[in-house]
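Spelled out from the first residue to the last, the chains are:
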Amino acid sequence: MSCIHYKFSSKLNYDTVTFDGLHISLSDLKKTIMAREKLKAADCDLQITNAQTKEEYTDDNALIPKNSSVIIKRIPIGGVKSAGKSFVIDRSEPASGTSKAIDDSGTSISLAQLTKVENVLFCCC
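Here we summarise the structure given alongside this text.

### Side note on the overall build of the chain
- Within the chain, the regular secondary structure consists of two helices and seven strands.
- Order of helices (α) and strands (β) in the chain, N terminus to C terminus: β-β-β-α-β-β-β-β-α.
- Within the chain, buried positions represent 25% of all 125 residues.
- A separation of at least 24 residues holds for 55% of the contacts in the chain among residues at least 6 apart in sequence.
- Surface summary for the chain: the accessible area is close to 9,500 Å², and the carbon and sulfur share equals 53%.

### Focus: the nonpolar core
- Formed by 19 residues in total, the largest nonpolar core has its most connected members in Leu-29, Ile-33, Leu-46, Ile-48, Val-70 and Ile-72.
- When contributions to this core are tallied by element, the ones reaching two or more residues are β1 (2–8), β2 (15–19), α1 (26–36), β4 (44–50) and β7 (69–76).
- Of the residues forming this core, the biggest block, four residues, is contributed by α1.
- Those residues within four positions of Ile-33 in sequence are excluded, and the remaining contacts are Tyr-6, Phe-8, Val-17, Leu-46 and Ile-72.

Reading the values: the criteria
Residue numbers restart at each chain and count upward from 1, following the sequence in its written direction. It should be noted that, the model being predicted, local features are given only for residues of pLDDT at least 70 and side-chain atom pairs only at 80 or more, the latter also being counted only at that level, while totals for whole chains, interfaces and linings use all residues. Excluded from the side-chain calculation are hydrogens and water; included are all heavy atoms of the structure. Secondary structure elements are taken from DSSP: a helix is a run of H or I of four residues or more, a strand is a run of E of two residues or more, and numbering for both begins at the N terminus. Three exposure classes are used, based on accessible area relative to the maximum for each residue type with a 1.4 Å probe and protein chains only: buried under 20%, partly exposed in between, and exposed over 50%. Contact between two residues is taken to exist if any of their heavy atoms lie within 4.5 Å; hydrogens are not considered. With residues, only the protein chains shown are counted as cover, and all accessible areas are computed by Shrake-Rupley using a 1.4 Å probe. In plain words, nonpolar cores are sets of buried Ala, Val, Leu, Ile, Met, Phe, Trp, Tyr and Cys residues tied together by side-chain atoms within 4.5 Å.

What follows is the structure, encoded as C-alpha cells:
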C-alpha cells in the first residue's frame with residue numbers, strides 16, 4: 001500500500017490517504033480527500049501544493065508520487081469574491097430644478113460646481 005500525507009493549511013496534523021501503485025492522479029486525490037472530509041464538489045475545489053517543494057499541482061492528470069506530503073486549501077468554485085460592497089452612483093447630471101448660486105459670504109458657487117467637487121471627493125476617498 002502507498003500513501004499520501006495531507007493536511008489543510010489551517011490544521012496542525014497530517015492525515016493519510018492510502019492507494020495502490022506508485023502514484024495517484026490529482027483528480028483521484030481530490031475526490032478521495034473530499035469524500036473523507038465530507039466536502040461537496042459543488043461547493044468548493046481543492047488547491048493542492050507539495051509541502052516540501054511548494055509546487056502547486058494544477059493539472060488534474062498530474063501524478064503525485066507515493067509518500068508525498070501535500071497542503072490543501074479549499075477555494076470557492078467561482079473564485080474568490082470581494083468582501084466589500086461596491087456602489088456606483090452616477091452624478092454626471094445635476095439634480096432636477098435650476099441651479100442657483102448662494103451668496104452668504106461674498107463667494108458664490110453653483111450646484112454644478114458642487115457636484116463636480118463631490119464626485120472628486122467621492123472617488124478619492
